[in-house]
Amino acid sequence: MATIRVRDWTKKRIDGILEAESHSSHDSVIKSLLKDRELAQFAGQGVDGRDAAEESPRPPADRPFDDLTVLDEMRHADNGILFLWCPNCGNELAHLTLENPVDLSILEMECQRCLTHLDQHALIAIEIGYPIEEKLVDDHLQDDLKACVIDYWDRTLEQRTEAAADEEPDVEQLVWQFDQYVRNFQWEWPTDVPAVGFEGGSTYRNEATGELIEAMEPVTEHRNALDSFEVRRYPEGADPDDAETETMDSTAVADLIINRSLSLVEATSPDTASPPDRA
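Residues numbered from 1 in each chain as written. Predicted model: local features only at pLDDT ≥ 70, side-chain atom pairs only at ≥ 80, totals over all residues. Heavy atoms only, no water.

Caption draft 1: Region of interest: the packing of aromatic side chains. Inspection of the entire model under this criterion finds ten aromatic pairs. Measuring from centroid to centroid gives 5.9 Å for Trp153 and Trp187, while their planes differ by 35°, and the two rings are tilted. One end of the pair, Trp153, is in helix 4 (residues 141–160); the other, Trp187, is in the loop between helix 5 (168–185) and strand 7 (203–206), and 34 residues separate them in sequence. For Trp153, a relative accessible area of 0% gives the class buried. An angle of 15° between the planes, with centres 4.9 Å apart, marks the rings of Phe198 and Tyr204 as stacked. Across the pair, Tyr204 and Phe198 agree in class, each one buried. Put simply, the rings of Tyr152, Trp153, Phe178, Tyr181, Phe185, Trp187 and Trp189 pair up and form one aromatic cluster. (Phe/Tyr/Trp six-rings, centres within 6.5 Å; stacked < 30°, edge-to-face > 60°. Helix = DSSP H or I, 4+ residues; strand = E, 2+ residues; numbered from the N terminus. Buried < 20%, exposed > 50% of the residue type's maximum accessible area, 1.4 Å probe, protein only.)

Written out as structure tokens, the structure reads:
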């Protein structure tokens, strides 16, 4: 007979329901919960036949995962249960039982394993439908966490590109946050996704002009904003040594990132890069 593996925390909840409601088996408990869910869905239907739950905002349908969501986009948790994970080291931070729709648009916590300070733009919310144990055994969990966050950062900046002019300072602050995360996580950024950060020792391509930009070193030390950089800009195929060194101010760097026109060509090795401390 087929078996289903469940987490110890979930099993304890099922055991509690079994004892409190005098069920004869775990199977009986699960059948009862499924029946309750069907009734709840039926009760939520409006006169036009649509499920009321579908009226609440939901994350975009083109996300790479159904049950893995960056917390900022989380609107509805299956059975009201969420597990929060650190995308940097793959550590489970907390599990939450809450009411739908989910409203955790601002949340900060520190990972006790890697000591990374995380907010709603990096915390991963995992729902009970995601096969955590299977992913851990197959060693795929960390890849999924990384892919989920990168997809969210890319889509978020792409959406903000169309934002009104009076929202621009907020977008630049968001770019700074993502830039700090990229450095702290020391991820190897995929070349097929526009960059969300700018780091000395790396070479980027301006997809709008085709020129290469070699980021040399920062010339400012802002704690809560992007730095200006010494750079060398030159056409692809040209000798970098023939290019003059110039200063690219932080606004120009931010514009390239916000407009999604900056792609990584060559990066500093994650083993030798020294990520700065977050403020």
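Caption draft 2: Region of the structure containing the nonpolar core. Judged by nonpolar contacts, the single largest core of 57 residues is most densely connected at Ile124, Ile126, Trp153 and Phe198. Of the residues forming this core, the biggest block, eight residues, is contributed by helix 4. Once residues within four sequence positions are removed from consideration, Ile124 is found in contact with Leu68, Thr69, Val70, Phe83, Leu84, Trp85, Pro87, Leu145, Cys148 and Val149. (Core = buried A, V, L, I, M, F, W, Y, C linked by side-chain atoms within 4.5 Å. Contact = heavy atoms within 4.5 Å.)

Caption draft 3: Quick peek at the environment of Thr97. With respect to the secondary-structure elements, Thr97 resides in strand 3 (residues 92–97). Linking Thr97 and Asn79, residues 18 residues apart in sequence, is a C-alpha distance of 8.5 Å.

Caption draft 4: Main features of the pattern of salt bridges. For the coordinates displayed, the defined rule picks out eleven salt bridges. Asp151 is paired through a salt bridge with Arg155; the nearest N and O atoms lie 2.9 Å apart. Residue Asp151 and its partner Arg155 are located together in helix 4, separated by four residues, close to a single helical turn. As far as the burial class goes, Asp151 and Arg155 line up, both buried. Between Asp154 and Arg260 there is a salt bridge, with the nearest N and O atoms lying 2.9 Å from each other. In this pair, Asp154 is assigned in helix 4 and Arg260 in the loop between helix 6 (250–258) and strand 11 (262–266), connecting sequence segments 106 residues apart. Here the two residues Asp154 and Arg260 agree in accessibility, since each one is buried. Each of the salt bridges in this network shares a partner with another, and the network as a whole consists of Glu73, Asp151 and Arg155. (Salt bridge = Lys/Arg side-chain N within 4 Å of Asp/Glu carboxyl O.)

Caption draft 5: Expanded view of the sheet that holds strand 11. What the five strands build is an open sheet, ordered 10-9-8-7-11; its pairing is antiparallel. Lying at the two open borders of the sheet, with one neighbouring strand each, are strand 10 (245–248) and strand 11. In this sheet, neighbouring strand axes are inclined to one another by 40° on average, regardless of whether the strands run parallel or antiparallel. Of the pairings in the sheet, the one linking strand 7 to strand 8 (residues 211–218) comprises three bridges and is antiparallel in character. Bridge pairing links Tyr204 to Ile213 in strand 8. Docked against the sheet, helix 6 engages strand 7, strand 8, strand 10 and strand 11, running at close to 75° with respect to strand 10. (Pairing = 2+ DSSP bridges. Axes fitted to C-alpha atoms, helices over the stretch in contact; angles between N-to-C directions.)

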